[in-house]
Amino acid sequence: MALLRSRPLAQRAFRCSLALKSWLSTHTSTAGYLKGKNILIMGAPGAGKTTVGRIVAHKLGLPAVDVDDDVLETTWKMPVAAKLAAVGGERFLQEEGQVLCNFSASGCVVSLTGSNPLHPEAMRHVKQSGTVVYLDVDGGDILQRLHRMKVDRIVGQEAGQSFSDILKYRKQFYEQWLDIRVLCGRGDTPEEMAEKVLQAVERFYNLTAETFVSTRADGEERKTYFSDVVVEGLAPDGGLYVPKNGFSKIAPREWLRLVDMSYPERALVLLEKCIHPLEVSAVDLREMVSKAYGSSFSNEDVVPVKRLMDDMYIQELFHGPTASFKDLALQLMPQLFAYCLPPMCNYLILVATSGDTGSAVLSGFGRLRDEDRRKTAVLVFFPEDGVSRIQKLQMTSLSRSHAKAVSVRSDFDFCQRSIKRMFGEAGLTGHLAVEFGTVLSTANSINWARLLPQVVYHSATYLNLCRSGAIQFGDPVDLCIPTGNFGNAMSAVYAKQMGVPIRKVICASNCNRAVSDFINTGEYDLRERRLMPSCSPAIDILKSSNLERFVHHVSGGDGALVKDMFSSLDARRRFTLPDSLLGRMRRDVRAGWCSEQDCLAAIYHVHARSGYILDTHAAVAKVVADRQRDRTCPVVISATAHYGKFAPAVFEALRVENIPDNPLEQLKRLDFAASKPEKHQKLMECLKNRNGREHAVCEADYSVLVEHVEAMIEESFLKVMET
Ligand SMILES: *Cc1c(COP(=O)(O)O)cnc(C)c1O
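Cut-off values and rules
Residues numbered from 1 in each chain as written. Predicted model: local features only at pLDDT ≥ 70, side-chain atom pairs only at ≥ 80, totals over all residues. Heavy atoms only, no water. Helix = DSSP H or I, 4+ residues; strand = E, 2+ residues; numbered from the N terminus. Polar contact = N/O pair within 3.5 Å; in protein donor to acceptor, adjacent residues only side chain to side chain. Contact = heavy atoms within 4.5 Å. Phe/Tyr/Trp six-rings, centres within 6.5 Å; stacked < 30°, edge-to-face > 60°. Buried < 20%, exposed > 50% of the residue type's maximum accessible area, 1.4 Å probe, protein only. Lys NZ or Arg CZ within 6 Å of the ring centre and 35° of its normal. Near = heavy atom within 4 Å. Areas by Shrake-Rupley, 256 points an atom, 1.4 Å probe, with all protein chains shown as cover. Nonpolar A, V, L, I, M, F, W, Y, C, P; charged D, E, K, R; others polar. Pairing = 2+ DSSP bridges.

Caption draft 1: Here's a closer look at the side chain of Ser407. Tracing the backbone through its elements, the reader meets Ser407 in strand β12 (residues 403-408). For Ser407, the side chain forms a polar contact with the side chain of His695, separated by 3.3 Å. Excluding its chain neighbours within four sequence positions, the residues that come into contact with Ser407 are Phe382, Glu384, His695, Ala696, Val697 and Cys698.

Right, here's the structure in full:
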């Protein structure tokens, strides 16, 4: 797929065209890949730019240029410090920028000054000549080095401003210009930093090393990149996409840097490691991350981690706009999706939901900026009588012109089947493409862009435990997750692969226990199973889609084997995992299940003991964690929803009588009973404002659903094109 996208020119400087991609695939190895481009080393004063630049230049056999010594001083014919003293900070920046604007070099390693990035014109100029590498060095290390260098003042530093203030201020400029971040561990030597620079630059110029494969791929395939994977969702052979070379491991010293960072900062650093900068530039990624996690979560930590009792902790994944953990992925995913779309097409995302996905999708896509909305719309189908009242109110109140929910007088299965049928009908998809320039797509939990953001919150959970002093980095922790489609669990396995010291991921099922039986026996057998409705409906799932990624992982990437097994699951409703692979699987995961009674009892007892109200899904995890843990390390419960979302079951668990009928009153009543966690403001607002709001209801008739799809496309795209 060609990736020429409609972005402002400046941002597009390094976006990758198809031509560049194929050029890159034939020009890898050696520094020849630089093709005369410079490596521009950027960073704070005292970060080590000059020293690191020299080592890098030496290793690549390229000339080193230090802007301070080789450019400014030779131009001004005086030391930089003297110039600064003579003209003052403001004027210094201007003159420094002017010099850089006239600077030209190629095939060099250029160490910029710490203040160059404050001059936009100069930066635009040098950025054209090469790749900007940001040495992201620990603040403590920098202060030490400045002290050793006897630096007592930095350009632009006002009286009374500390070094750390100014370093913080400067950071935003560095983040604005970087192509690549080199995250330096605390105490990294210049040699180690230089090695990281070399690796990062090589990665930058070697996009073709970061492709994705289908879990069912058997042999050579076409090269598939991040943007392809995000837009396609499912691989053409029916498999799921995984990174061909797995996840890169992050060293403990780098993890330690993340301990003191905010959630958006951590997200940015981690996602940069997993998304090639030529697919999504670091600068654009930063904008998306800040929009997703900057202010739409009601807790400053985004995912706060609290102690529940003893050494049992709880990761609260429900502080997003729709009160379930799906917000963590779906506040970011729509932005990635819109960014990766090929030009000239409109996309209509079709979603069938039986609960939490619908509102999270509507919220996430609803927040897209105008230019993206012109190309992307969402239509959610939900069963009129198959979701809770609260979920229905959430969806209808989040409906907008380009992101709408419609209910169907049928069950979830009908909604899902109808959508699948639309995708498969060439007559329909062809008609939509020709008449409206519109392609149908999905946003379900197998999409890589939904899984990837979840790696961040598992990492953040561990880091928060380190920050609070509950553990030290390196200590093992178990993580217990209420598991449906295995997305949450799979991202915990990925976090472990990146080096987060998670010992076991414990999968918790309710009475629909196909997954936990599989993890315990190696038999995935759906023949005798019927889906049983439970009070934890988000994990009422028998065919757990992301499990395929895990099987692929433990098989060492054996696509033929995965294909065999999952074809067998479709044809014969069962497969068996060989013992050797089961053993490997159990290195990372454990599993158990919890009855309805035990789930409700857990809510009751936890509340009685601590005042904390668990939602039904977290309660399932609590029960299973108690049974599976060996008490040699802390365990974290994954709280995937706020209790308010499942209020009726929580009332039953707490043995409350005379439950109010009105959902808002129900939440108020529970808030009164709970000392923890805090009430969910957005959830309440949504019930308050739109109580009883109308929504379109359609008959259980495929052609009626198709009419809705066509009407939605006309409304969303044609109208905009006319204006
Ligand atoms: C979706 C959901 C789950 C299941 O997560 P998977 O990633 O599908 O395993 C669990 N709990 C809640 C509240 C959910 O909304």
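Picking up where we left off.
Caption draft 2: Here's a closer look at the packing of aromatic side chains. All chains considered together, the criterion is met by 22 aromatic pairs. Relative to Phe473, the ring of Trp255 lies with its centre 6.4 Å away and its plane at 25°, an arrangement referred to as stacked. Note that Trp255 is positioned in helix α12 (residues 252-259) and Phe473 in the loop between α22 (448-467) and β14 (477-482), a separation of 218 residues in sequence. Between Tyr462 and Phe473, the aromatic rings sit 5.6 Å apart at their centres with planes inclined by 85°, giving edge-to-face as the arrangement. With a gap of eleven residues between them, Tyr462 in helix α22 and Phe473 in the loop between α22 and β14 connect regions that are remote in the sequence. Classification of Tyr462 by relative accessible area gives buried; the value is 2%. Feature note: the residues Phe212, Phe226, Phe247, Trp448 and Tyr494 constitute an aromatic cluster, connected by ring pairs. Over the aromatic face of Tyr702 sits the side chain of Arg421, whose NZ or CZ is 3.6 Å from the ring centroid. Positioned above the aromatic ring of Tyr604, the side-chain terminus of Arg655 is 3.6 Å from the ring centre.

Caption draft 3: Quick look at the environment of Phe412. Turning to its location among the elements, Phe412 is positioned in helix α20 (residues 412-424). Distance in space between the C-alpha atoms of Phe412 and Glu232 is 23 Å, their sequence separation being 180 residues. Setting aside residues no more than four positions away along its own chain, Phe412 makes contact with Ala352, Thr353, Ser354 and Pro383.

Caption draft 4: Layout of the site of the ligand. With respect to spatial proximity, 15 residues lie near the ligand, and among them Lys326, Asp356, Gly484, Asn485 and Thr640 are the closest. Note that an oxygen atom of the ligand is positioned 2.7 Å from one of the backbone N or O atoms of Asn485. Between a nitrogen atom of the ligand and a side-chain N or O atom of Thr640, the distance comes to 2.8 Å. Taking 380 Å² as the accessible area of the ligand by itself, protein coverage stands at 96%. Tallied by class, the residues present in the shell around the ligand amount to six nonpolar, seven polar and two charged.

Caption draft 5: Representation of the sheet that holds β12 within the structure. One open sheet holds the five strands; their spatial order is β13-β10-β11-β12-β20, and the pairing between them is parallel. Strands at the two margins of the open sheet, each flanked by one partner only, are β13 (438-441) and β20 (697-698). Here β12 runs beside β20; their pairing, made up of two bridges, is parallel. Within β20, the position partnered with Ser407 by the bridge is Val697.

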